[in-house]
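Geometric and topological summary
As a plain string of letters, each chain reads:
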Amino acid sequence: PGAGAAARHRVSSSLGAEAGNGVHLGTRLMAASAQLREFDLATGEVRTLNQSLHDLTGKDVETPWRVLNPGGRHAIAAGLTVPVHVEIKGHVGYYCAGMNQCAEVIIEGMASTGVAENMMSGLVRIKGNASQCAGATGHGGLLVIEGDASSRCGISMKGIDIVVQGSVGHMSCFMAQAGRLVVCGDADDFLGDSIYEAQIFVRGQVKSLGADCIEKPIRDEHVMQLANLLERAEVAADPGDFRRYGS
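Here goes a summary of the coordinates provided. Nothing here was measured: the structure is a model prediction, and the numbers come from that model.

A separate point is the pairing of strand β7 (residues 85-89). Along a regular strand, successive side chains alternate from one face of the sheet to the other. Taking burial as the measure, the five residues of β7 include four buried ones, the bulk of the element. Bridge count between strand β6 (residues 65-68) and β7: four bridges; the pairing is parallel. Of the residues in β7, the one forming a bridge with R66 is E87. Where β7 lies against strand β8 (residues 104-107), four bridges are found, and the strand directions are parallel. The residue bridging H85 from the neighbouring strand is E104, located in β8.

In structure tokens, the structure reads:
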């Protein structure tokens, strides 16, 4: 690779002071001993970025990554299998962080269709809204959506935990088999249609329930589980304000 490739993803080591916020490394705050690797998608390719992340081994995973200028490109940070921290500075297209295992992916923008699709473990956090099918078929891990989620959020989920700070669209948790969907806002039509063993918690209004989905008693054990999940998601909400739904 030439100088251009080196510039596209580099380890930043310039330190500067930022009052009240500790040490500043590039534009990300972290301990002074850490480094930051940047990849600019304005000049680099998603395939190159993803391959670089897939190739991480050993102590390489301790270096956080920052992705610049995502520009709505598809499949950014898809298929990660190591516990690396990746921050994406902008909006992403289809299937961002799909099939995630172990990694922590933070999206500082909106996410299009299928974010965290088939997720296995780790954390995916969206600091904005998510389009349809967020967390679809997810087997594990935690997906946090700080805005709203569109239709079919958690469709066919199989063990993932999803926390939505806003509202969800129609047919969310459709055919959901296992896991938990927490909605701090409202839920649109046909919530939990054809649901299996998954649990749904909603703080706001539910427009309508789908086939096989009913409101269920919320006992102390459920309140404790919900409180733990909200704490993990870093969401300030009273678990006593939610109602529980399932099959």
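From this point on, the discussion continues.
Moving on: the pattern of salt bridges. Applying the stated rule across the entire model yields 10 salt bridges. Between R125 and E234 there is a salt bridge, and its shortest N-O distance comes to 3.8 Å. With R125 in strand β9 (residues 123-126) and E234 in the loop between α3 (220-232) and β15 (243-246), the pair connects residues that are 109 residues apart, well separated along the chain. You can call R125 buried: its relative accessible area is 7%. For K127, the salt bridge is made with E146, and the minimal N-O distance between the two is 3.6 Å. With K127 in the loop between β9 and β10 (142-145) and E146 in the loop between β10 and β11 (158-164), this pair connects stretches of sequence that are 19 residues apart.

Below, the discussion takes up the environment of A116. Looking at the element boundaries, A116 is found in the loop between β8 and β9. Once residues lying within four places of it in the same chain are set aside, the contact partners of A116 are C96, A97, G98, V124, G135, A136 and L143.

What follows deals with the nonpolar core. Within the largest apolar cluster, 52 residues are counted, with the highest numbers of intra-cluster contacts made by I76, I88, I107, V115, V124, L143 and I200. In this view, I200 contacts C173, L181, L191, G192, I195, C213, R243, R244 and Y245; residues no more than four positions away in its chain are not counted. Ranked by size, the runner-up nonpolar core spans 15 residues in total, among them V144, V182, L226 and L230.

Our next topic: the side chain of S208. Along the polypeptide, S208 turns up in the loop between β13 (199-202) and β14 (214-216). A polar atom in the side chain of S208 sits 2.7 Å from the side chain of D189. Excluding anything up to four places from it in sequence, S208 contacts D188, D189, F190 and L191.

About the criteria used
- Residues numbered from 1 in each chain as written.
- Predicted model: local features only at pLDDT ≥ 70, side-chain atom pairs only at ≥ 80, totals over all residues.
- Heavy atoms only, no water.
- Buried < 20%, exposed > 50% of the residue type's maximum accessible area, 1.4 Å probe, protein only.
- Helix = DSSP H or I, 4+ residues; strand = E, 2+ residues; numbered from the N terminus.
- Pairing = 2+ DSSP bridges.
- Salt bridge = Lys/Arg side-chain N within 4 Å of Asp/Glu carboxyl O.
- Contact = heavy atoms within 4.5 Å.
- Core = buried A, V, L, I, M, F, W, Y, C linked by side-chain atoms within 4.5 Å.
- Polar contact = N/O pair within 3.5 Å; in protein donor to acceptor, adjacent residues only side chain to side chain.

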